[in-house]
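Descriptive structure summary
Spelled out, the chains give:
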Amino acid sequence: MNKPYTYGKQCIDEVDVEAVAAALRSDWLTQGPAVESFEKSLSEKLGSTAAAAVSNGTAALHLTALASGWSEGDVVLTTPITFLATANCVLYTGATPDFVDINQKTYTLDVDKLEEKIKYYEEKGKRIRAVIGVDYAGRPCEWKELRFLADKYEFQLINDACHALGASYEKDIRYQAKYADAVILSFHPVKHITTGEGGAALTNNIEFDEKLKALRSHGVTRNRKNLERWEGPWWYEMHEIGFNYRITDFQCILGMNQLKKLDRFVEKRRRIARYYDNVFGNDERFITPDPGGNASHAYHIYPLQIRFETISITKKELFQKLRSKEIFCQVHYIPMHFQPYYRKTYGYRPGDFPIAETFYSREISIPMHPQLESGDLEYIVETVKKLVK
Ligand SMILES: *Cc1c(COP(=O)(O)O)cnc(C)c1O
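What you see is a predicted model; the values in this text were computed from it and never measured.

1. Focus: empty space enclosed by the protein
A water-sized probe rolled over the atoms picks out the places where empty space is left. Enumeration over the complete set of coordinates arrives at 3 cavities of 30 Å³ or more. Computed from the structure, the largest cavity encloses a volume of approximately 50 Å³. For the largest cavity, the full set of lining residues is Lys-9, Gln-10, Cys-11, Pro-189, Lys-191, His-192, Ile-193, Thr-194, Gln-258, Phe-265, Arg-269 and Pro-370. Its residues assigned to classes, the lining of the largest cavity shows 5 nonpolar, 4 polar and 3 charged.

2. Let's talk about the packing of helix H2 (residues 33-46) against helix H9 (residues 249-260)
With their axes 8 Å apart at the nearest point, H2 and H9 run at an angle of 30 degrees to one another. Regarding the angle of H2 to H9, the classification is roughly parallel. Considering only the axes of H2 and H9, their crossing is left-handed. Between H2, through Pro-33, Ala-34, Val-35, Ser-37, Phe-38, Ser-41, Leu-42 and Lys-45, and H9, the contact on the second element is made entirely by Asp-249, Cys-252, Ile-253, Gly-255, Met-256 and Leu-259.

3. Points about the layout of surface pockets
In this structure, the largest pocket occupies an estimated 790 Å³ of space. Contributing to the lining of the largest pocket are 25 residues, with Glu-210, Lys-213, Ala-214, Val-220 and Thr-221 lying nearest its centre. When residues of the lining of the largest pocket are traced back to their parent elements, those giving at least two are H2, helix H8 (206-215) and strand S10 (220-221). At 6 residues, H8 tops the list of elements feeding residues into the lining of the largest pocket. Looking at side-chain class alone, the lining of the largest pocket contains 7 nonpolar, 8 polar and 10 charged residues.

4. A short note on unusual backbone geometry
Excluding glycine, most residues fall at negative phi; most peptide bonds, likewise, are trans. With an omega of 0 degrees, the peptide bond running from Lys-3 to Pro-4 counts as cis. If you trace the backbone, Pro-4 turns up in the segment before strand S1 (5-6). Look at the link from His-332 to Tyr-333: it is a cis peptide, with omega at 0 degrees. As for its placement among the helices and strands, Tyr-333 is situated in the loop between strand S15 (327-328) and helix H12 (340-346). You will see that Glu-326, though not glycine, has its phi angle at about 65 degrees, which is positive.

5. Some remarks on the sheet that holds strand S2 (residues 50-54)
Ordered by their spatial adjacency, 7 strands build an open sheet running S2-S9-S8-S6-S5-S3-S4, and the pairing between neighbours is mixed. Edge positions in the sheet fall to S2 and strand S4 (96-99), since each of these pairs with one other strand and no more. Averaged over all neighbouring strand pairs, the angle between strand axes comes to 20 degrees, with direction disregarded. Where strand S8 (residues 182-186) and strand S9 (residues 199-203) come together, 4 bridges link them in antiparallel fashion. Following the sheet pairing, Ile-184 is matched in S9 by Ala-201. Most of the contacts of H2 go to S2, to which it runs at about 130 degrees, and overall it touches S2, S8 and S9. Sheet contacts for H8: S2, strand S6 (156-160), S8 and S9; angle to S2, the most-contacted strand, approximately 15 degrees.

6. A word on helix H11 (residues 315-324)
Residues of H11 that are buried include every one of Lys-315, Leu-318, Phe-319 and Leu-322, and no others. Around the axis of H11, the buried residues are gathered within 100 degrees of arc, so they sit on the same side. The outward face of H11, more than 90 degrees from its buried face, is lined by the exposed residues Lys-316, Gln-320 and Ser-324. Summarising the contacts, the buried residues of H11 are in contact with strand S14 (302-306), S15, helix H13 (354-362), strand S16 (363-366) and helix H14 (374-387). One or two positions beyond H11, positive phi appears at Glu-326, with a value near 65 degrees.

7. Examining the sheet that holds S16
Ordered by their spatial adjacency, 3 strands build an open sheet running S12-S14-S16, and the pairing between neighbours is antiparallel. Edge positions in the sheet fall to strand S12 (286-287) and S16, since each has one partner strand and no second. Taken together, the 2 bridges between S12 and S14 define a ladder with antiparallel strand orientation. Residue pairing in the sheet places Ile-287 in a bridge with Gln-305 of S14. Seen against the sheet, H11 touches S14 and S16 and runs at an angle of roughly 15 degrees to S16.

8. Observations regarding the packing of helix H3 (residues 57-67) against H8
Running from N to C, H3 and H8 cross one another at 120 degrees; their axes reach a closest spacing of 9 Å. When the axes of H3 and H8 are compared, the pair comes out oblique. Crossing angle aside, the handedness with which H3 passes H8 is right-handed. Of the residues in H8, those in contact with Leu-63, Thr-64, Leu-66 and Ala-67 of H3 are Phe-208, Lys-211, Leu-212 and Leu-215. Residue composition of the contact of H3 with H8, by class: 6 nonpolar, 1 polar and 1 charged.

9. What about the site of the ligand?
Contacts to the ligand come from 14 residues, most closely from Gly-57, Thr-58, Asp-160, Ser-186 and Lys-191. Interatomic distance of 2.7 Å between a backbone N/O atom of Gly-57 and an oxygen atom of the ligand. Within the side chain of Thr-58, a nitrogen or oxygen atom sits 2.5 Å from an oxygen atom of the ligand. Coverage of the ligand by the protein chains reaches 93% of its 380 Å² of free accessible surface. Taking a 2 Å distance to the grid points as the criterion, the majority of the atoms of the ligand fall inside the second largest pocket. Among the elements that line the shell around the ligand, the one with the most residues is H3, at 3 residues.

So, how was this worked out
Residues numbered from 1 in each chain as written. Predicted model: local features only at pLDDT ≥ 70, side-chain atom pairs only at ≥ 80, totals over all residues. Heavy atoms only, no water. 1 Å grid on protein atoms, 1.4 Å probe; cavity = no way out; pocket = protein on both sides within 12 Å on 5 of 7 lines; lining within 4 Å. Points joined across faces, edges and corners; volume = space filled by probe spheres on them. Nonpolar A, V, L, I, M, F, W, Y, C, P; charged D, E, K, R; others polar. Axes fitted to C-alpha atoms, helices over the stretch in contact; angles between N-to-C directions. Helix = DSSP H or I, 4+ residues; strand = E, 2+ residues; numbered from the N terminus. Parallel < 35°, antiparallel > 145°, perpendicular 65-115°, else oblique. Left-handed = near helix turned anticlockwise from the far one by under 90°. Contact = heavy atoms within 4.5 Å. Pairing = 2+ DSSP bridges. Buried < 20%, exposed > 50% of the residue type's maximum accessible area, 1.4 Å probe, protein only. Arc of directions from axis to C-beta. Near = heavy atom within 4 Å. Polar contact = N/O pair within 3.5 Å; in protein donor to acceptor, adjacent residues only side chain to side chain. Areas by Shrake-Rupley, 256 points an atom, 1.4 Å probe, with all protein chains shown as cover. Sits in = over half its atoms within 2 Å of the grid points.

Next comes the structure, spelled out in structure tokens:
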């Protein structure tokens, strides 16, 4: 492919283009049959009882928080190494987010520290309402252990799986809805499959799904069993306040086409990761991500750590030099507790989550998407290795 190389990129082919064009010529632009078909395909692929497709992953998080009934006084725990939306959805409901440091090896929520934090809250007489695990970069959290804690301490378990479509855990691609009470997906162009903007919430709880689907469209219900009365075919009722978080039909057509290619996309990402693992893995300037243990990484991103403390180039200089070579990396993520809003509202300080902070200081996400070929990878690796000294 041609430069520039970005850390992530969508993969759209002519079949996608034709399918969307055909959808645009059909009777339905939004709220047509494709939404339900896409939801069905997602459920089948990922083994959930139900799926609700919505306008983006953040909307799926928001609706999940609302449908779960979180409110003021509730505490929801998550990782500091995630996208803003994971914790912001807690704020939308008036509940309080708090963080648990990551595990040095997996870069996901540290299960032991999670239990410590739960106990710390319990000593203050407070039960944790929910935990949002994030399958960071595409590497599944320790879901068995998380499920065990969820049952032991009776909290709701959410999987923000926006990085992890196509990942598997104990050889099972359907682990997400198996262990978590709700699963969040995003179809933003840098994710594994895209609908432009788009997202979904998956669950095995039908009632939860119904609630979520009402909330995505103004809180309106037409389902006879939920109505107070019925005055005629035009009748609908609003029992709760919802939003317009709907996705369009032509986006869902694109989503269905993309989903058919998911396995191929993930396969390619894994091949790229093996290449990076090999070339960076035995070089002590770098730390490569753990390939997954009992899980199979889906490599939404490739988080390479560089031991800047042992070399003279700084992270800022490296970024600038890579840019001049048309390699556009990114950092995933600035720890949540560094964000001014969180710092000022909750009084977080540097040092609160030390593993996350060291990880942040070393991490760069180097290009990872299915369009990269061996020549591209060689150029990227050679350029990075030459600059890192
Ligand atoms: C992408 C992403 C989201 C939500 O993304 P949208 O852009 O709203 O679709 C949420 N959490 C994580 C971890 C993400 O990477």
